[in-house]
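# Structural overview
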Amino acid sequence: MPNANEDKSSEEKSSEDRPSALSQVQHRAVSELLRVSPVADDLARRFRIAGFSLSLVGGSVRDALLGRLGNDLDFTTDARPQDVLKIVRPWADAVWEVGIAFGTVGCHKNGHVDGTDQTFQIEITTFRSESYDRTSRKPEVAYGDSIEEDLVRRDFTVNAMAVSLPEKTFIDPHGGLRDLAERVLRTPGTPEASFSDDPLRMMRAARFAAQLDFEVAPEVVTAMKAMAERIDIVSAERVRDELNKLVLSAHPRKGLTLLVETGLADRVLPELPALRLERDEHHRHKDVYEHTLIVLEQAMALEEDGPDLTLRLAALLHDIGKPRTRRFEKDGRVSFHHHEVVGAKMTKKRLTALKYSNDMVKDVSRLVELHLRFHGYGTGDWTDSAVRRYVRDAGPLLSLLHKLTRSDCTTRNRRKAAALSRAYDGLEERIAQLQEQEELDAIRPDLDGNEIMKILDIAPGPVVGGAYTFLLEMRLEHGPLGHDRAVEALLEWWRGRREESAEKSQGS
C-alpha cells in the first residue's frame, strides 16, 4: 500500500517541511529579546513599581524580528517625561533631556550581557500623537494614555509593533508582523493621513526601502506622488538627515529611485531627476541618471572602512553639471564641457541649502570639481610636475578621489575599461614612487616665510606671499630643490621683480 505522503505534490511537501516566514521572524525575536532581557526587564520592573507600563517599541521590535537588534533600544510608556526622569536617574549611568520637549528621555546603561560588559543607548518616549498643521515645520505633540493610541501614529506597520515588559506580550494591532514577513512597507492608517501628519514620512519610506530592501505598498507610493509638495514644510535639517541615512544604506538605488519616481526628489534634490534627460558624450549609457546610480554602487564597492558619506555624495552629484552644459555638436555628438566646474558650484549650492556642514560642502564640491582631472592623464604620459599638482590639488581627499575616479568608469567595453583601470593603476604607482622620494602629502617650498624675509631683507607683506607662491611652483615643477638651489632661484626671482619695477618707474 503506497505511503500517504507519496500522494502529496512536491510543492505541498516543501511547504510543510520549511517553517513559515512568520515563525522564522518570531524565533529570531525571541532570541534577540532574551539577549537584552537583563537590562530591559530590570527597567520595566522599575516602571511597574512606580505604577507605569513600559514596552519595547518601533524599530527595536522590528529589528528584533529581523534578527538584528543592537544595543540602541526604544521604549514607550504611559509615564510623563518628568516621571520617567524620576525612574531612570537612580538607575541609568547617564541621562539626557535633549528630546524632552517631544516626550523623549534618553539615557545609557552599562550591563553585563552574554558574558560581556555592554553599553545600551536607551530612549523612552511617553505615549503620544503628533501632527503638522498646513504651514508648521515642527510637529505638535500631545500625550496619550494607551499603547494602541501610540502605535497608530507610527509611520509604518513594521514600526508599529510593541512588546510589553517584563511579561513580553506581543502587541501588533496593524499587521506589522505580516508585513515584515512579506517585506513590505504600509502605513497603520491611510497613507494620506499619515503623510499629512508628518510629511517627512514620505522620505522615511524611501529610506526604509533602502535600508531594509523592502518594497513600498502601491497605495503608499500613490500617496507619495500625490502629496510630494507637502515635504516643503519640513525643515532642511530633517530632510538632510533622512537623505543621509538613505545614501548610507545598503541599497541606496532603491530609495533614490523611489524619490525620483514619486516627485519627492524634484523638491529635495532636483539635480538628480534632471539627469534622466541627458545622455553622456560617448553614448555609453542609457542616460546620465542611470550612469550616476552605477557610479554610486561602484564607489560603495571600493569602501574600506564602512559607508563613507563624502564619497557617496560625491558619486551621486559628480555629473549634476551636465544638464546645464549640454551642447549638440555639428558631428552629432553631445558634449558637456566644463560640467565638473559647473557641477561643483551646483553641489555647493545644494548641500548648503540642505544645511550640510561647511567641511562636507567643501569636500564634496572639491571632489566633483576634480573628478575628471585623471582623464587628462591619457596614455600615462603625465610629467612628474603634473602628478605633483594632482596630489596637491586633491590634498587630504586623494584617497577618495582615487575611488571616485575609478567608479566613474561604467563603460561596457571591457577592453576600454581595462585600459582605464591600468592607466589609473599606473598613476597610483607613480604617486607612490614620488611619495617615497618626496613629501607629496605636504608639498611646501624649500624655504618658509621666515627664511624668505631674512634672505630678501623684507618685512611681512604681499611680497612674501608672492615669493612663497613662486617657490611652491618651482617645487611642483621640479621637485625638491634643496636649500642652496632654492635660495638661488629666490634671489633670481627677486632681481627680476626689482628690474621690472624699475622699468615701470622709468616708463611713467
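Quick look at the structure, then. (Residues numbered from 1 in each chain as written. Predicted model: local features only at pLDDT ≥ 70, side-chain atom pairs only at ≥ 80, totals over all residues. Heavy atoms only, no water.)

This brings us to the nonpolar core. The biggest cluster of nonpolar side chains holds 118 residues, and the ones touching the most others in it are Phe 75 and Ile 122. Among the elements that line this core, the one with the most residues is helix α8 (residues 200-212), at nine residues. In contact with Ile 122, not counting residues within four places along its chain, are Val 39, Leu 43, Leu 73, Phe 75, Trp 91, Trp 96, Val 105, Gly 106, Cys 107 and Lys 109. Counting residues in each nonpolar core, the second largest holds 15 residues, with Leu 471, Leu 481, Val 487 and Trp 494 among its members. (Core = buried A, V, L, I, M, F, W, Y, C linked by side-chain atoms within 4.5 Å. Buried < 20%, exposed > 50% of the residue type's maximum accessible area, 1.4 Å probe, protein only. Helix = DSSP H or I, 4+ residues; strand = E, 2+ residues; numbered from the N terminus. Contact = heavy atoms within 4.5 Å.)

This paragraph deals with the layout of surface pockets. Of the volumes computed, that of the largest pocket is approximately 1200 Å³. For the lining of the largest pocket, the secondary structure elements donating two or more residues are α3 (59-65), β2 (72-77), β4 (104-113), β5 (116-126), β6 (128-131), α8 and α10 (236-247). Here the lining of the largest pocket is built from residues that sort into nine nonpolar, eight polar and 19 charged. (1 Å grid on protein atoms, 1.4 Å probe; cavity = no way out; pocket = protein on both sides within 12 Å on 5 of 7 lines; lining within 4 Å. Points joined across faces, edges and corners; volume = space filled by probe spheres on them. Nonpolar A, V, L, I, M, F, W, Y, C, P; charged D, E, K, R; others polar.)

The step from Leu 165 to Pro 166 runs through a cis peptide bond, and the omega angle for that step is 5°. Structurally, Pro 166 can be placed in the loop between β8 (162-165) and β9 (169-171). Phi at Asp 457 is positive, roughly 55°, even though this residue is not glycine. Residue placement: Asp 457 occurs in the loop between α22 (449-456) and α23 (462-478).

As a further point, take the packing of α10 against helix α11 (residues 252-262). Between α10 and α11, whose axes approach to 8 Å, the crossing angle comes to 135°. Considered as vectors, α10 and α11 are oriented oblique to each other. In contact with Leu 243, Leu 246 and Val 247 of α10, α11 contributes Pro 252, Gly 255, Leu 256 and Leu 259. A breakdown of the residues in the contact of α10 with α11 according to their chemical character gives six nonpolar, one polar and no charged. (Axes fitted to C-alpha atoms, helices over the stretch in contact; angles between N-to-C directions. Parallel < 35°, antiparallel > 145°, perpendicular 65-115°, else oblique.)

A word on the packing of α8 against α10. In the contact formed by α8 and α10, the axes pass within 8 Å of each other and the chain directions differ by 15°. Judged by the angle between their axes, α8 and α10 are roughly parallel. For α8 against α10, the interelement crossing comes out left-handed. Every residue of α10 that contacts α8 at Leu 200, Met 203, Arg 204, Ala 206, Arg 207, Ala 210 and Gln 211 is listed here: Arg 238, Val 239, Glu 242, Leu 243, Lys 245 and Leu 246. Of the residues in the contact of α8 with α10, the class split is seven nonpolar, one polar and five charged. (Left-handed = near helix turned anticlockwise from the far one by under 90°.)

Moving on, we get to the pairing of strand β1 (residues 54-57). The alternating pattern of β1 places Leu 54 and Leu 56 on one face and Ser 55 and Val 57 on the opposite face, and all of these are buried. Direction of pairing for β1 relative to β2: antiparallel, over a ladder of three bridges. Its bridge partner lying in β2, Leu 56 is registered against Phe 75. (Pairing = 2+ DSSP bridges.)

This part takes up the pattern of salt bridges. Note that side chains of opposite charge can pair when their charged atoms are close. Evaluation of the coordinates by the stated rule reveals 31 salt bridges. For Arg 153, the salt bridge goes to Asp 150, with nearest N and O atoms at 3.6 Å. The closest approach of N and O atoms between Glu 242 and Arg 204, which form a salt bridge, is 3.5 Å. Note that Glu 242 is positioned in helix α10 and Arg 204 in helix α8, a separation of 38 residues in sequence. Relative accessible area serves as the criterion here: at 3%, Glu 242 is assigned to the buried category. Taking the relative accessible area as the measure of exposure, Arg 204 reaches 22% and is therefore partly exposed. One connected set of salt bridges, linked through shared partners, spans Asp 155, Arg 204, Arg 207 and Glu 242. (Salt bridge = Lys/Arg side-chain N within 4 Å of Asp/Glu carboxyl O.)

On the basis of which strands lie adjacent, the open sheet formed by seven strands has the order β3-β4-β5-β2-β1-β8-β9 and mixed pairing. In this open sheet, the two strands that pair with only one neighbour each are β3 (94-96) and β9. Between one strand axis and the next, the sheet turns through 30° on average, direction left out of account. Pairing of β1 with β8 involves four bridges; the strand directions are antiparallel. Among the inter-strand pairings, Val 57 is bridged to a residue of β8, identified as Ala 162. Against the sheet, helix α4 (residues 81-88) makes contact with β2, β3, β4 and β5, and its axis sits at roughly 25° relative to β4, the strand it touches most.

Here we take up the side chain of Asn 244. As for its placement among the helices and strands, Asn 244 is situated in helix α10. Its relative accessible area of 13% is what places Asn 244 among the buried residues. Of the polar contacts made by the side chain of Asn 244, one reaches the side chain of Tyr 356; its length is 2.6 Å. Among all residues touching Asn 244, those that are not within four sequence positions of it are Leu 309 and Tyr 356. (Polar contact = N/O pair within 3.5 Å; in protein donor to acceptor, adjacent residues only side chain to side chain.)

Note on placement: His 371 falls in the loop between α18 (358-370) and α19 (384-394). A polar contact of 3.5 Å, which involves the side chain of His 371, links it to the side chain of His 339. In this view, His 371 contacts His 318, Asp 319, His 339, Glu 340, Leu 401, Leu 404, Thr 405 and Asp 408; residues no more than four positions away in its chain are not counted.

Quick look at helix α14 (residues 288-301) now. Helix length check: α14, at 14 residues, gives a terminal C-alpha distance of 20 Å against a target of 20 Å (1.5 Å per residue), a fit within 8%. Along α14, the residues classified as buried are Val 288, Tyr 289, His 291, Thr 292, Leu 293, Val 295, Leu 296, Ala 299 and Met 300. Tucked inside the fold, the buried residues of α14 contact α11, α13 (271-274), α15 (309-317), α16 (322-325) and α20 (398-407). (Expected span 1.5 Å × (residues − 1).)

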